[in-house]
Amino acid sequence: MELIDEDGDLFGVVNVVDALVVLLVLAVGVAGVALVFSDDPAPEPDLDSTYATVDMGSQPAYIVDAINEGDTYSPNDVSTMTVTDVHLTPRGSDIGVTLRVELEGELQSDDSIAYGGAPLRLGRSLTLATSRYELNGRIRAVGDGDALTREDATVVVRDTLATATAEEIAPGDEVRLAGRTVATIENVTQFATNDPDQRRVFVAATLRTHRQGGDRRFGGSPVRRGQTIRLSTADYTINGQIERVGGQLQLGSASTRMVTLRMDDVRDDMADAIDPGMAEEAGGDTVARVIEVDTRPSLIIATGDNGTVNVVDHPIDREVTLTTELQVRETVSGPRFKGDPLRQGRTVTLDLGTVTVRATVVNVSG
């Protein structure tokens, strides 16, 4: 039998032209199937990375203990977040967490990076989920550098504490969060108050701050005068206001004022216990010294048997006038003694060692 007969049929059955068309279709089909099911990978996207500051808000201690530099998270196949720096500050009873992270994502035509399929906009919410914890925060800054911009700031903090608590504070004490030192007590001075169980405390502390938007921040707030700040150690908690930013704790060393103080209706034994030369000291400095003591009987109005009204000396109570030398800090609003304004009519407290004096300011001279 001939391969192609006289009619042009293949084996006398199929037209040669038709057979070629069928073979061409089969070849194209096979080539398409081979292309679809081939093992050749799709082109890899172009990747790049940048750094961002992410505020994770306030977190409990058990979460913060698990956060470390090097922690990673990938929301998809082309995006990865890596923690490069961790900054902690007190925020109430919890801990404020600010992270510096490296964000890798797909490079866009405008040279920006798409992380998790979206641009890195300020304020955007980001998730950091590892095998140990999951956090959500917001982007506060984007730019170069794998570390937060840190600065040490020295502040003077004022608080009123229980006497026993105040006595626990000492230079060198550290405020630590999750094993990291965030503040150090440099110096402390304490004064008596009208309440024998309370002490006025001034603490100089060095804070580990970070810069954000031009501000030095600690505890989630800018470091400035009047700002409330919390410093907590294993033995005590200071929750006071910043009196001064920068400088050292030098209360009572700016100038000296002669101040007249008066106490009314003082028991005679108490009056006899106050002598010239008695002084109050704090932090190795003399902040108050008694120069003169003038004691007179208090006056009372007595009615005689015949109805007459007489002014007579009280048999026990005394009126005591003290001339004192007080160390004050001069301010634009006037002198301040132990951090409080020193004005006529104000009450001041002097801890003279064996006796505590609470007296009214009568006169303040230069």
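Residues numbered from 1 in each chain as written. Predicted model: local features only at pLDDT ≥ 70, side-chain atom pairs only at ≥ 80, totals over all residues. Heavy atoms only, no water.

Asker: Explain unusual backbone geometry to me, using residue names and the numbers behind them.
Answerer: Located in the positive-phi region is Ala 178, a residue other than glycine, with phi close to 50°. Structurally, the position occupied by Ala 178 is in the loop between strand 12 (174-177) and strand 13 (180-192). On the basis of relative accessible area, Ala 178 is assigned to the partly exposed category, the value being 32%. (Helix = DSSP H or I, 4+ residues; strand = E, 2+ residues; numbered from the N terminus. Buried < 20%, exposed > 50% of the residue type's maximum accessible area, 1.4 Å probe, protein only.)

Asker: Would you mind going over the pattern of salt bridges in detail, with residue names and values included?
Answerer: Taken as a whole and judged by the stated rule, the model has 13 salt bridges. A salt bridge links Arg 150 to Asp 85, with the nearest nitrogen and oxygen atoms 2.7 Å apart. In this pair, Arg 150 is assigned in strand 11 (residues 150-162) and Asp 85 in strand 5 (residues 79-91), connecting sequence segments 65 residues apart. Residues Asp 340 and Arg 158 are paired through a salt bridge, measuring 2.4 Å at the closest nitrogen-oxygen approach. Taken as a pair, Asp 340 in strand 24 (residues 340-341) and Arg 158 in strand 11 lie far apart in primary sequence, 182 residues in all. Connected through salt bridges with shared partners, the residues Arg 158, Arg 200 and Asp 340 form a single ionic network. (Salt bridge = Lys/Arg side-chain N within 4 Å of Asp/Glu carboxyl O.)

Asker: Report on the confidence of the model for the protein, specifying residues and quantitative values.
Answerer: Of the residues in the protein, 83% reach a pLDDT of 70 or more, and the chain-wide mean stands at 84. Across the protein, the secondary-structure element scoring lowest on mean pLDDT is strand 1 (residues 9-10), at 51, and the one scoring highest is strand 9 (residues 125-129), at 96. (pLDDT = per-residue confidence, 0-100.)

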